[in-house]
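# Per-entry structural report
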Amino acid sequence: MNKNLLGRTNLEFPSKWLALAAPEGGFVDESPADFVRTARDSGLPIDFSSQPALWGGCMRGADEVVLIQQGTYQIERATSEDHATDLMQAHLIETLSAVGRDCLDFYFLRIRRALEEYQINGALAALEAARNEGHLKFLGLHATGHPLAALGLWQFHDAFEAVLLPDDEEAWTTLEPLAKQRRVGIVGFGKGDPRLITVRSSADVLRVTG
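Residues numbered from 1 in each chain as written. Predicted model: local features only at pLDDT ≥ 70, side-chain atom pairs only at ≥ 80, totals over all residues. Heavy atoms only, no water.

## Here we look at unusual backbone geometry
Put simply, Asp 193 and Pro 194 share a cis peptide bond, and its omega is 10°. Although it is not a glycine, Asn 10 adopts a positive phi angle of roughly 60°. Within the secondary structure, Asn 10 is located in the loop between β1 (3-5) and β2 (12-14). Positive phi values are uncommon outside glycine, yet Arg 183 reaches one of about 55°. Overall, the relative accessible area of 43% leaves Arg 183 in the partly exposed class. (Helix = DSSP H or I, 4+ residues; strand = E, 2+ residues; numbered from the N terminus. Buried < 20%, exposed > 50% of the residue type's maximum accessible area, 1.4 Å probe, protein only.)

## As for the sheet that holds strand β4 (residues 46-47)
Spatially, the eight strands close up into a barrel ordered β3-β4-β5-β6-β7-β8-β9-β10, and their pairing is parallel. Bridge analysis of strand β3 (residues 16-20) against strand β10 (residues 195-199) gives five bridges, and the strand direction is parallel. The partner of Lys 16 across the bridge, within β10, is Arg 195. In the packing of helix α1 (residues 32-41) onto the sheet, contacts are made with β3, β4 and β10, and the angle to β3 comes to roughly 165°. Lying over the sheet, helix α3 (residues 81-99) contacts β5 (67-70) and β6 (104-111), oriented at roughly 140° with respect to β6. (Pairing = 2+ DSSP bridges. Contact = heavy atoms within 4.5 Å. Axes fitted to C-alpha atoms, helices over the stretch in contact; angles between N-to-C directions.)

## Quick notes on the packing of aromatic side chains
Under the defined criterion, the tally for this structure stands at eight aromatic pairs. Both rings, one in Trp 17 and one in Phe 106, keep their centres 5.3 Å apart while their planes meet at 50°; by these two values the pair is tilted. Placement of the pair is Trp 17 in strand β3 and Phe 106 in strand β6, with a sequence separation of 89 residues. Of the two residues, Trp 17 and Phe 106, both sit in the buried class. Ring centres of Phe 35 and Trp 55 lie 5.5 Å apart, and the angle between their planes is 80°; this geometry places the pair in the edge-to-face category. Of this pair, Phe 35 sits in helix α1 while Trp 55 sits in helix α2 (residues 52-58); the two residues are 20 residues apart in sequence, bridging distant segments of the chain. Take Phe 35: its relative accessible area is 0%, and that puts it in the buried class. An aromatic cluster of three or more residues is present, and its members are Phe 13, Trp 17, Phe 106, Phe 108 and Phe 138. Here Arg 112 stacks its cationic end above the ring of Tyr 73, 3.9 Å away from the centre of that ring. One Lys or Arg, Lys 191, reaches over the ring of Trp 172 and ends 4.6 Å from the middle of that ring. (Phe/Tyr/Trp six-rings, centres within 6.5 Å; stacked < 30°, edge-to-face > 60°. Lys NZ or Arg CZ within 6 Å of the ring centre and 35° of its normal.)

Here it is as structure tokens:
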């Protein structure tokens, strides 16, 4: 599998990353543990954001796996900077507990709409504290809503080593120039290098790696 240097991380990562998702009809032909084992054996980075409790339990002891977690939208309801910090810290603790590890490799802050400045500051304070304490290696930005919302935050908070972009031309047109200007690594859904690919079975994983 080809590897490329990913922006400010100054590290090489495979060109394909896996995003775990449950089969639409539920697990029938294999167990979640078998599915996760196949994903682990691929050696590719794994995003377990869809169901951290389910996937995390199957990945205990997999310290060699590059793990990715995407944030929730809870900070949108924060009523103060301290509240935003508390919400972010709670999610980090929940995630680390689910996977049984002390450190995540990537945490992508999800942005779908414009946030209050105190919400942004509180969330970033929690993430920076986690990084300083060794619980997080790299911080990313995930533009899930209109790209201008993510751009507005990013222009004033240069805190990210990577950005996760949807398979949407407007998002790429809006955010790719700033990523290149700041030497921030781009991970894409559907396109890009590296790109994040949703897998729902061991067969999906084998197709990605085959």
